[in-house]
Amino acid sequence: MRQVSCQRPGWAQTEAELYDELRGSHKSLKNMTVRGVSGSADGKALAATALAGGVRVVEHEAGIEALALEIDYRAIDQGQVLVADDQGHAVHFHQPIVFAHRLGQIHYIGKPGATGALDAETNASGRWHRCQEIAHAFIGGGGDVDGHGSTSNLDGVTQGCRGPGRAYIIMPVWPGTPQRANASHPSRRNAANQQEFQAMAVVSVKQALSGAVEAGDTVTVRGWVRTRRDSKAGLSFVNVTDGSCFDPIQAVVPATLGNYDSEVKHLTAGASLIVSGTLMPSQGKGQAFEIQASDVVVTGLVDDPETYPIQPKQHSMEFLREVAHLRPRTNLFGAVTRVRHTMMTAIHRHLTKQGFFWINTPIITTSDAEGAGDMFRLSTLDLANLPRLPDGKIDFRKDFFGREAFLTVSGQLNVEAYCLALSKVYTFGPTFRAENSNTARHLAEFWMVEPEIAFADLSVNADCAEAFLKAIFKAILDERPDDMAFFAQRVQSDAITRMEAFIAKPFERIDYTDAIGILKKSGEKFEFPVAWGIDLQTEHERYLAEKHIGRPVVVMNYPEAIKAFYMRLNDDEKTVAAMDVLAPGIGEIIGGSQREERLDHLDRRMVQFGLDPSNYGWYRDLRRYGTVPHAGFGLGFERLLVYICGLSNIRDAIPYPRAAGTAEF
RNA sequence: GCCCGAAUAGCUCAGCUGGUUAGAGCACUUGACUGUUAAUCAGGGGGUCGCAGGUUCGAGUCCUGCUUCGGGCGCCA
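Reading the values: the criteria
Residues take numbers from 1 onward in each chain, read along the sequence in its written order. Just so you know, chain letters begin at A and ligand numbers begin at 1, following the order they were written in. Local features in this predicted model are restricted to residues whose pLDDT is 70 or higher, and side-chain atom pairs enter the listing and the counts only when it is 80 or higher, whereas totals over whole chains, interfaces and linings include all residues. Hydrogens and water are ignored here; the side-chain numbers use all heavy atoms of the structure. In this text, helices come from DSSP runs of H or I with a minimum length of four residues, and strands from runs of E with a minimum of two, each type numbered from the N-terminal end. Buried residues are those whose accessible area, probed at 1.4 Å on protein chains only, stays under 20% of the maximum for their type, while exposed residues exceed 50% and partly exposed ones sit between those limits. Two residues qualify as a contact provided that any one of their heavy atoms is within 4.5 Å of a heavy atom in the partner residue. Here, a salt bridge means any side-chain nitrogen of Lys or Arg that lies within 4 Å of a carboxyl oxygen of Asp or Glu. One heavy atom suffices: a residue is near a molecule or strand as soon as one of its heavy atoms comes within 4 Å of it. Polar contact is the term for a pair of N or O atoms within 3.5 Å; when the atoms are in protein, one must be able to donate a hydrogen and the other to accept it, and sequence-neighboring residues count only if both atoms are side-chain atoms. Angles here are taken between N-to-C directions and fall from 0 to 180 degrees, while the axes themselves are lines fitted to C-alpha atoms, restricted in helices to the stretch in contact. Note on terminology: angles under 35 degrees are roughly parallel, angles over 145 are roughly antiparallel, angles of 65 to 115 are roughly perpendicular, and the others are oblique. Under the scheme applied here, ten amino acids are nonpolar (Ala, Val, Leu, Ile, Met, Phe, Trp, Tyr, Cys and Pro), four are charged (Asp, Glu, Lys and Arg), and all others, including Gly, are polar. Strand pairing is defined by DSSP finding a minimum of two bridges between the two strands. Here the term patch refers to residues with relative accessible area over 30% and no salt bridge, with like charges joined within 9 Å and nonpolar side chains (Val, Leu, Ile, Met, Phe, Trp, Tyr) within 5 Å. For every accessible area listed, the method is Shrake-Rupley and the probe measures 1.4 Å; residues are considered covered only by the protein chains on display.

A. Examining the side chain of Q594 more closely. Among the structural elements, Q594 can be located in strand β26 (residues 587-594). The buried category is assigned to Q594, whose relative accessible area is 9%. For Q594, the residues in contact, after removing those within four places along its chain, are A456, D457, L458, Y566, M567, R568, A577, P629, H630 and A631.

Structure, rendered in structure tokens:
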């Protein structure tokens with residue numbers, strides 16, 4: 001029996017078509033782990049044939065009228081699974097039921113639009129519950145079978161399964177279905193008699209190394225080769241990584257394996273494989289556990305090992321940027337990626353705990369002056385044939401939105417509206433700037449977090465920013481010690497200690513006016529002269545945070561002329577309630593302000609900055625209807641990630657960097 | 001956008017004031033050796049010196065233009 005995903009909907013294929021499809025898919029099938037439970041003599045035969053057909057069945061159970069297969073979720077075409085016998089005869093299951101298993105949860109993925117019928121049919125026969133039991137039995141207890149999930153789960157679950165993940169297909173086997181009729185096929189019976197199946201749990205490298213799996217257990221790990229070392233003692237050592245943690249796991253592959261000379265000896269950096277064997281305490285130094293391999297399935301060799309870009313050595317960051325699709329396979333980018341994820345989740349977790357709601361402000365905006373730089377225009381107009389107004393200007397009424405549209409440069413104005421309803425909110429998403437900035441600190445597409453708090457002044461805002469940064473650092477230190485140790489060892493030696501120092505003490509707070517005084521008295525020679533009214537340059541910020549104070553500092557109350565229109569004018573009428581958090585080694589990491597909640601002041605500042613208040617109707621409404629003091633700040637996500645990881649270029653902090661002149665991949 | 005620098009093997013680099021057949025380490029491959037740790041040792045293959053033009057008896061090397069990349073500054077997060 002072979003199993004394939006069917007790209008075409010429906011089941012009305014001729015046997016010839018199906019056979020072609022099966023043969024066409026054979027390559028990928030060979031690379032697939034299938035974990036099956038087959039019931040009855042017939043089902044057992046099916047499972048055995050599956051093995052013969054190149055699809056590995058690693059578990060089966062007798063006496064169950066159902067067949068369960070585990071395949072890589074990517075092979076599933078949303079619940080449409082074809083099973084065929086070794087003659088290419090289609091085995092039709094009325095409806096396969098697909099479970100996705102992740103983090104101990106089993107979710108039901110139905111076939112879109114057909115779940116109702118499925119439930120009714122399977123329930124009526126009682127087999128549905130049997131399927132659930134099987135799922136429990138071989139996925140391992142503790143799982144929660146949601147048997148009545150709706151198709152609305154589908155997207156969420158499949159999305160959640162991108163990355164290491166498993167999907168289970170539980171298929172009721174009805175009496176009289178073709179595969180029963182074919183089950184007496186001689187080849188099947190033979191295969192069934194010849195094969196012994198052993199239970200093997202697919203685990204991540206992280207699970208295998210962390211003690212989540214007991215020594216002596218039989219496990220399967222799947223991943224990519226880092227290095228291979230051969231020993232004439234009759235073994236090869238293959239370091240395998242699957243990205244789940246920093247360390248690779250060492251597989252000890254004995255030369256006695258059938259494919260040792262033909263495949264194992266040809267494994268090079270980057271090759272993909274599935275290793276099954278016994279998890280054992282390592283006899284060698286350098287790792288606590290290793291896998292004594294009893295089976296190695298090579299799923300993909302490296303086409304031309306000599307030109308495979310990722311070698312077990314240090315590469316330049318510039319070179320790795322040119323192979324952005326392969327750089328996540330390096331130690332460094334694996335670590336950056338995991339830290340990035342942890343940082344993302346830590347932000348959501350911290351703010352959620354503080355009572356904030358995540359507001360998904362729009363990416364497309366029609367306000368043409370959000371006050372934060374050049375914007376990317378978004379249009380569906382034919383550039384070669386633009387509609388014109390009588391005066392020759394472009395007629396944007398003919399454009400998609402009926403007016404000019406852009407990609408957002410900030411979610412702040414939009415999130416303020418939700419702040420003045422839900423009190424504590426934040427926006428966190430991609431942000432776009434079309435500035436021609438050619439530096440290591442700028443991206444055209446980056447992520448920004450912008451919390452906004454109602455009934456808050458600048459002081460509360462600063463408190464919030466401080467707690468926010470500390471929570472992120474703490475989460476990284478707690479949750480990514482392996483990756484941080486690597487950064488400290490290979491990238492920046494104080495990567496860990498400076499974060500610990502950051503957390504240890506309260507931030508200093510000074511007024512802008514005092515900061516100017518400090519800079520003037522410093523005796524330092526600055527490239528940009530210091531005077532009240534100037535915006536602080538990077539050199540000034542670094543002096544304050546690194547030399548004068550030696551820890552993070554919040555500079556508050558800047559001259560009104562150099563800050564944005566929405567910032568609240570202080571009583572002195574010379575300064576606004578703006579703040580910048582400056583940190584040693586980074587400079588400005590957070591910028592924020594108390595917002596101008598008084599309509600007359602806001603209007604005045606808009607005019608002062610050359611903005612037409614009539615273009616900000618909805619924003620002004622917020623000051624007309626139940627205005628309150630509120631404040632917020634923004635954090636450039638990648639900039640903080642650069643700092644945490646000790647990177648020198650922001651293009652290495654995002655998977656596929658977009659910057660002026662750069663948008664490959 | 002402004003200023004500066006770089007481009008030599010799959011990768012990281014050396015190649016002096018122009019001069020025979022352009023080198024090394026890693027990677028790959030072959031062999032030796034080994035419960036190895038980016039293993040070690042020995043042999044081998046691998047290059048239109050970014051592209052186009054120019055100066056010269058002769059250009060990887062000097063000049064001009066272009067392309068790409070990097071560093072600094074500005075704008076900013």
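B. Geometry of the pattern of salt bridges. According to the stated counting rule, one finds 27 salt bridges in the structure shown. The residue D603 makes a salt bridge to R620 at a minimum N-O spacing of 2.7 Å. In this pair, D603 is assigned in helix α17 (residues 599-608) and R620 in helix α18 (residues 617-624), connecting sequence segments 17 residues apart. Taken together, the shared-partner salt bridges connect R338, R480, D482 and D483 into one network.

C. View of the protein's contact with RNA strand B. Among the 48 residues in the neighbourhood of RNA strand B, the closest are listed as K285, E290, E306, H442 and R639. Q283 places a polar side-chain atom, nitrogen or oxygen, 2.9 Å from a base oxygen of RNA strand B. One of the side-chain N or O atoms of K313 is found 2.5 Å from a base oxygen in RNA strand B. Taken together, the elements giving at least two residues each to the surface near RNA strand B come down to β12 (218-231), β13 (235-241), β14 (249-254), β16 (289-300), α9 (317-322) and β22 (445-454). Among the elements that line the surface near RNA strand B, the one with the most residues is β12, at four residues.

D. Quick look at the packing of helix α15 (residues 512-521) against helix α16 (residues 538-549). One way to put it is that α15 packs onto α16 with a least axis distance of 11 Å and a crossing angle of 80°. Between α15 and α16, the interaxial angle falls into the category roughly perpendicular. Along its contact with α15, which presents A515, I518 and L519, the element α16 presents H540, Y543, L544 and H548. Classifying every residue of the contact of α15 with α16 by side-chain character gives five nonpolar, two polar and no charged.

E. Examining the pairing of β26 more closely. Taken across its eight residues, β26 has six buried, putting it largely inside the fold. Of the pairings in the sheet, the one linking strand β25 (residues 575-583) to β26 comprises six bridges and is antiparallel in character. Across the sheet, the residue bridging to D580 is G591, located in β26.

F. How the structure looks around a nonpolar patch on the surface. The grouping of I363, I364, F400 and F401 at the surface amounts to a nonpolar patch, some 380 Å² of accessible area in total. Along the polypeptide, I364 turns up in strand β18 (residues 364-365). For I364, a relative accessible area of 37% puts it in the partly exposed group.

Just geometry here; none of it tells us what the structure is for.
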